[in-house]
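Close look at the chain arrangement
Listed here are the chains, written in short residue letters.
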Amino acid sequence: MARMTAAQAAVEILKKEGITHLFGLPGAAINPFYSAMRTNGGLTHILARHVEGASHMAEGYTRAKAGNIGVCIGTSGPAGTDMITGLYSASADSIPILCITGQAPVAKLHKEDFQAVDITSIAKPLTKMAMTVLEPAQVPGAFQQAFHLMRSGRPGPVLIDLPIDVQLAEIEFDIDTYQPLPVYKPSASRAQIEKALDLLAASQRPLIVAGGGVINADAAELLVEFAELTGVPVVPTLMGWGSIPDDHELTAGMVGLQTSHRYGNATLLESDFVLGIGNRWANRHTGDLGVYTEGRTFVHVDIEPTQIGRVFAPDYGIVSDAKAALELFVEVARERKAAGALADRSAWADSCQVRKGELLRKTDFDNIPVKPQRVYQEMNLAFGRDTRYVTTIGLSQIQAAQMLHVYGPRNWINAGQAGPLGWTLPAALGVATADPEGQVVALSGDYDFQFMIEELAVGAQFNIPYIHVVVNNAYLGLIRQAQRAFDMDYHVQLSFENVNAPELNGYGVDHVKVAEGLGCKAVRVFDPNELGAAFEQAKKLAAEFRVPVVVEVILERVTNVSMSGAGIDAVNEWEPVAAQASDAPSAIRNTL
């Protein structure tokens, strides 16, 4: 057998497991691993500016393509603690990423050595496995188990902590005979699927709720086929958005307190049966559970057994990978359709489309400063069906989900449950790394953008082009709106007179100069009628210079976005409904 350092064995295993890209920062305690990468070759490394940024790049890389696993690397101590937010975000959304950290020598772990921290204990609640490897010969097994766990059952992140002496030690290892461990995913039985379809058949106004598990399982095509076979309209969750195209005749809109459509909420309230697949009944989707569940039968399919009944008890639960379940749903539905045993759902589906045409929010505003609705209207017109949108949290994310259009899986990439500010920029770099020729468009409010703005330099250094739309109202807009309940506007304003940029008229940070200083290109828009031209210019700049391009839009300071703190029947609508087609010219199914 070949003799090599444990770090070299780890590098070879990464390649055998299909890893091609890594995101991270070297440091003293992880240098042996970097030395192994340099010596062995075969891996592309992207140098981040912040280790949290590297973890979010890894997340974006995973989320961009089925089968991807993003890897982030850092040294000992604060590098590991910096990764914790990335581990949290990945864990919450069932995203497999591998974090590798350096560590003090084994003999000094209990001596409070420089930058020695018990990262395993810190990371355990947020990972499927967190392990400090104490014996060099255990390194291959640790990495093999890490990939097995990340891919099996409900996907999720893993952290492997490598003391420097463990990395440097030589071991006997034969990479030629290394094999990844078999992946385990629970599968529904035919009897369970038939039972679920029997319950569906007994309903009059059924809906399918498609969650992020459908995307993770790469099962969007099966979902659409099942919906078409049965004629049942589909409500994608925020994490499942793109599992069915927005312009499909069976897309019924999104439901929820925030990232929802008026017609989606109205349709859910009219339904009498809901089949949830790969979703978790998130509170911002359901709102008040009494309102959401009253008068409806629920079937819940999820890969994680403890998700069934966690939020509310369904009438019937099935533990299964979404793809495995949908394969059987399609098989049984085909048989029943051939036998003439499926009900005609066309009248119900048509009524959902009528609501879609009648309950549109207005987007066509010519105000200066710009109203945010107009930004999303123009984005719909400027960016094509294959565009990948990346965002995380805030009024920008909420309103974008209400007004943008998504046509395919992994074209809406969002940190759903955790929603960490600053996530968008590094995640977009990870997405663009995974899809270098695709159209990647990130969306941030000014605060989210400022959190990890230094990562723009990564895109400039490594020629990772994408477009970043920054909607700037110089406010913590979502928190300002939440503070209305406390009758205050307290420490949420980001505005100040910038002595170096009087043209900003008090909007504070000059994002254009910062972006340019970090090696990128930037465009600023004050007039809504210039948005289309700005987006076209951004596309050309990204293609010519192969760097991130920022399009900053100066918004009105205050916009109250449609949302509710209670039930889906009580969403506050602050703006007028679209009364005619020209009020929402880029809306799907505009029949006004």
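Refer to the structure presented above.
Just so it is clear, the model here is predicted, and its values are computed rather than measured.

1. Remarks on the environment of Thr 85
Along the polypeptide, Thr 85 turns up in helix α5 (residues 84–92). You can call Thr 85 partly exposed: its relative accessible area is 27%. Taking C-alpha positions, Thr 85 is 8.5 Å from His 56, a pair spaced 29 residues apart along the chain. Beyond its immediate chain neighbours, meaning those up to four positions away, Thr 85 contacts Glu 52, His 56 and Pro 420.

2. What about the nonpolar core?
Core analysis: the biggest nonpolar cluster contains 50 residues, and Leu 87, Val 390, Leu 456 and Tyr 466 have the highest contact counts within it. Those elements giving two or more residues to this core turn out to be α3 (51–64), α5, β5 (97–103), α6 (119–123), α19 (424–434), β16 (440–445), α21 (456–461) and α23 (511–517). Membership of the second largest hydrophobic core comes to 38 residues, among which are Ile 13, Leu 14, Met 37 and Ile 100.

3. Examining the layout of surface pockets
Empty pockets left among the atoms are what a rolling probe the size of a water molecule brings to light. The calculated volume of the second largest pocket comes to roughly 570 Å³. Lining the second largest pocket are 32 residues, with Gly 394, Leu 395, Gly 477, Leu 478 and Ile 479 sitting closest to its centre. Contributing elements (two or more residues each) for the lining of the second largest pocket: α17 (372–382), α18 (395–403), α20 (446–451) and α22 (477–482). When residues of the lining of the second largest pocket are assigned to their parent elements, the largest contribution, five residues, is made by α22. Its residues assigned to classes, the lining of the second largest pocket shows 16 nonpolar, 12 polar and four charged.

4. Looking at the side chain of His 261
With respect to the element layout, His 261 can be found in the loop between β10 (234–236) and α12 (262–270). The exposure class of His 261 is buried, given its relative accessible area of 7%. Polar side-chain contacts of His 261 include one of 2.9 Å to the backbone nitrogen of Met 254. There is a polar contact of 3.4 Å between the side chain of His 261 and the backbone oxygen of Gln 402. When residues no more than four places from it in sequence are discounted, the contact partners of His 261 are Gly 253, Met 254, Arg 361, Ala 401 and Gln 402.

5. Side note on empty space enclosed by the protein
This model, assessed by the stated rule, comprises two cavities of 30 Å³ or more. Each pocket or cavity is described by its volume, and for the largest cavity that value is around 260 Å³. As for the largest cavity, its lining consists of 24 residues, and the residues nearest its centre are His 261, Tyr 263, Gln 402, Met 403 and His 405. Contributions of two or more residues to the lining of the largest cavity are made by α12, α17 and α18. Taken as a whole, the second largest cavity encloses approximately 80 Å³ of empty space. As for the second largest cavity, its lining consists of Arg 361, Lys 362, Gln 373, Gln 399, Gln 402, Met 403, Asn 560, Val 561, Ser 562, Glu 573, Glu 575 and Pro 576. If one sorts the elements of the lining of the second largest cavity by residue count, α18 sits on top with three residues. Among the residues making up the lining of the second largest cavity, the classes are represented as three nonpolar, five polar and four charged.

What counts and what doesn't
- Residues numbered from 1 in each chain as written.
- Predicted model: local features only at pLDDT ≥ 70, side-chain atom pairs only at ≥ 80, totals over all residues.
- Heavy atoms only, no water.
- Helix = DSSP H or I, 4+ residues; strand = E, 2+ residues; numbered from the N terminus.
- Buried < 20%, exposed > 50% of the residue type's maximum accessible area, 1.4 Å probe, protein only.
- Contact = heavy atoms within 4.5 Å.
- Core = buried A, V, L, I, M, F, W, Y, C linked by side-chain atoms within 4.5 Å.
- 1 Å grid on protein atoms, 1.4 Å probe; cavity = no way out; pocket = protein on both sides within 12 Å on 5 of 7 lines; lining within 4 Å.
- Points joined across faces, edges and corners; volume = space filled by probe spheres on them.
- Nonpolar A, V, L, I, M, F, W, Y, C, P; charged D, E, K, R; others polar.
- Polar contact = N/O pair within 3.5 Å; in protein donor to acceptor, adjacent residues only side chain to side chain.

Distances and angles like these do not, on their own, reveal function.
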